[in-house]
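Each chain is listed here by its residues.
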Protein chains: 2
Amino acid sequence: MNREWVVGTVETKDRILDAAERLFAEQGFDATSLRAITGEASVNVAAVNYHFGSKDALIEAVLARRLEPMNSERLRLLDECERGRDDDPPSIEEILRCFFEPALRMHSDPDSGSARFIQIFGRTFTEPGDRLRELFVSQFRVVARRFKAALGRSVPDLSKQELSWRMHFMIGAMAHTMSNAEGLRLLDEGRPSRKDVDEEVALLVRFAAAGLRAPATAGIAGRV
Amino acid sequence: MNREWVVGTVETKDRILDAAERLFAEQGFDATSLRAITGEASVNVAAVNYHFGSKDALIEAVLARRLEPMNSERLRLLDECERGRDDDPPSIEEILRCFFEPALRMHSDPDSGSARFIQIFGRTFTEPGDRLRELFVSQFRVVARRFKAALGRSVPDLSKQELSWRMHFMIGAMAHTMSNAEGLRLLDEGRPSRKDVDEEVALLVRFAAAGLRAPATAGIAGRV
DNA sequence: GTCTATACCACGATAGAC
DNA sequence: GTCTATCGTGGTATAGAC
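Described in the following lines is the structure provided in the data block. (Residues numbered from 1 in each chain as written. Chains lettered and ligands numbered in written order. Predicted model: local features only at pLDDT ≥ 70, side-chain atom pairs only at ≥ 80, totals over all residues. Heavy atoms only, no water.)

**Details of the overall build of chain A**
Operational definition: Each helix is a run of DSSP H or I of at least 4 residues and each strand a run of E of at least 2, with the numbering of both proceeding from the N terminus. A 1.4 Å probe rolled over the protein chains alone gives each residue an accessible area, and that area as a share of the maximum for its type sets the label: buried under 20%, exposed over 50%, partly exposed in between. By the convention used here, residues are in contact when the closest approach between their heavy atoms is within 4.5 Å.
A count of helices and strands for chain A gives 10 helices and 0 strands. Reading chain A from its N end, one meets helices and strands in the order α-α-α-α-α-α-α-α-α-α. Per-residue burial for chain A yields a buried fraction of 52% across its 224 residues. Taking the intrachain contacts of chain A between residues at least 6 apart in sequence as the baseline, contacts between residues at least 24 apart amount to 75%.

Below, the structure is given as structure tokens:
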């Protein structure tokens, strides 16, 4: 029954990850020192470098732990949406909901540290520091390909290139919403206006779907 | 004719600003040390703290130097657009062009360091570290108010609150485009697709205008 | 293999001499 | 205004305990 031989090692990595995620979300990456993390996790400073190699690698590990389930959920929802509807493809709105919802949902997820974590996710999506970019690209590539194919079927008049641009814009709208929720106050003249996740998704879907459906831009459409 | 008594001090501040902007754009804020900046500018390390007070204050100064002309240009273009057209207000597309163009234009501006600077601007818009947020808010408030009023006239059916959300989304699309230009490659499967500024503005305007024109979201419109 | 103690160097900031 | 000296803190590398 005594499992200390394995608890000792497994728990150390996870305790570091948990403490790091919490502190990163609260203070940001650079403001959080390894000594603060290891102090919080009750391990030695050097444990981070032993288990992860560097602070950057620890950041990657923290992000990857949340990224993978989120992207899996996106693919699962899209699969569920498309199943057995070859001649009746899902609407743009349905597709976008599959894309936005898993990301925005993490906001209000009470379990674990994902609530606040969504902030640092949004930041990192927009400011990938060299090595972090690789992580996002590798984790996101398959998701991007699937959703681009699904959307392309729903917006057949758009060139592949302009579709890429519009997905780029819509991802920016999403990332900005996730990372900069308070920014709305700036536009709203001080009145708080944050809604629950479902309303947030609905607003974002409405905006992005209309943007995707816009007629092709003159001079771009022909350049496929 | 000897101006060394003034050249000595004025040039120091500017040399620091120029060197800092260049290095910040290349490596990011945290990866750039004050020693690197002052070495590049051929001044003493302590000169930064003397002239600016802290590294954070230097970052603010670098950003403010570019932010102010950009926002002024936005307001100038909008004024020019609205002049003497009280009964024929500018279209959404015209308004958005006034908003996006000055920002995206900095990309290709050959003069000074604004070319690469746009990257750190995009980053900072999305990840404002406490003190930086204040700078953006104060610099951006008047711009946001003017453009919100102009857009509100063109989309009268939208509640003020949903208009705020949609401006939030459109700003996210812009910021993401500025800071994460390479991200398109991810969506485009490796094919480079960057266009010149005018085409970029056209694409962004097309997307955002359609998003702004979308019918109000059910359940939100009534909550003004 | 895991983990700790500790030393190392670069960083941002400050005080005080000039 | 500018410089040197110095402080506290940061990330990291290593040696060795278990």
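This is not the end of the story, as more comes after the structure.
**Comments concerning the pattern of salt bridges**
Stated formally: Salt bridge, as used here: a side-chain nitrogen of Lys or Arg that lies within 4 Å of a carboxyl oxygen of Asp or Glu.
One pass over the full model with this rule turns up 34 salt bridges over all chains. Taking the shortest distance from any N to any O, the salt bridge between B:Glu82 and B:Arg146 comes out at 3.3 Å. Of the two residues, B:Glu82 sits in helix α4 (residues 55–82) while B:Arg146 sits in helix α7 (residues 131–154), which places them 64 residues apart along the sequence. Residue B:Glu82 is classed as buried on the basis of its relative accessible area, which comes to 16%. Taking the relative accessible area as the measure of exposure, B:Arg146 reaches 24% and is therefore partly exposed. Members of the salt-bridge network, linked through shared partners, are A:Asp18, A:Glu21, A:Arg65 and A:Arg66.

**A few points about the protein's contact with DNA strand D**
Quick reminder of the rule: Any residue with at least one heavy atom within 4 Å of a molecule or strand is counted as near it. Polar contacts, as used here, are pairs of N or O atoms within 3.5 Å; protein pairs need one atom able to donate a hydrogen and one able to accept it. Residues neighboring in sequence count only if both atoms are side-chain atoms. Each residue is assigned to one of three groups, with Ala, Val, Leu, Ile, Met, Phe, Trp, Tyr, Cys and Pro labelled nonpolar, Asp, Glu, Lys and Arg labelled charged, and all others, Gly among them, labelled polar.
Lining the immediate environment of DNA strand D, one finds 16 residues, of which A:Leu34, A:Arg35, A:Lys55, B:Asn44 and B:His51 sit closest. The sugar-phosphate backbone supplies 59% of the atoms of DNA strand D found within 4 Å of the protein. In the model, a phosphate oxygen of DNA strand D is placed 3.2 Å from a nitrogen or oxygen of the B:Asn44 main chain. B:His51 places a side-chain nitrogen or oxygen 2.9 Å from a phosphate oxygen of DNA strand D. Of all the secondary structure elements, the ones that give two or more residues to the surface near DNA strand D are α2 (34–41) and α3 (46–51) of chain A together with α1 (4–27) and α3 (46–51) of chain B. Classifying every residue of the surface near DNA strand D by side-chain character gives 5 nonpolar, 9 polar and 2 charged.

**What about the packing of helix α5 (residues 92–105) of chain B against helix α8 (residues 160–179) of chain B?**
Residue and element names in this part refer to chain B. The condition that has to hold: Lines fitted to C-alpha atoms define the axes, with helix axes restricted to the stretch in contact, and inter-axis angles between N-to-C directions lie between 0 and 180 degrees. Angle categories are assigned with fixed cut-offs, so that under 35 degrees is roughly parallel, over 145 is roughly antiparallel, 65 to 115 is roughly perpendicular, and the rest are oblique. Whether a crossing is left-handed or right-handed is set by the direction in which the near helix is turned from the far one by less than a right angle, anticlockwise for left-handed and clockwise for right-handed.
Relative orientation of the contacting elements α5 and α8 amounts to 20°, with a least axis distance of 11 Å. On the basis of the axis angle, α5 is roughly parallel to α8. In this structure, α5 crosses over α8, and the sense of that crossing is right-handed. Counted together, Leu96, Phe99, Phe100, Ala103 and Leu104 of α5 and Met170, Ile171, Met174 and Met178 of α8 form the full contact between these two elements. Its residues assigned to classes, the contact of α5 with α8 shows 9 nonpolar, no polar and no charged.

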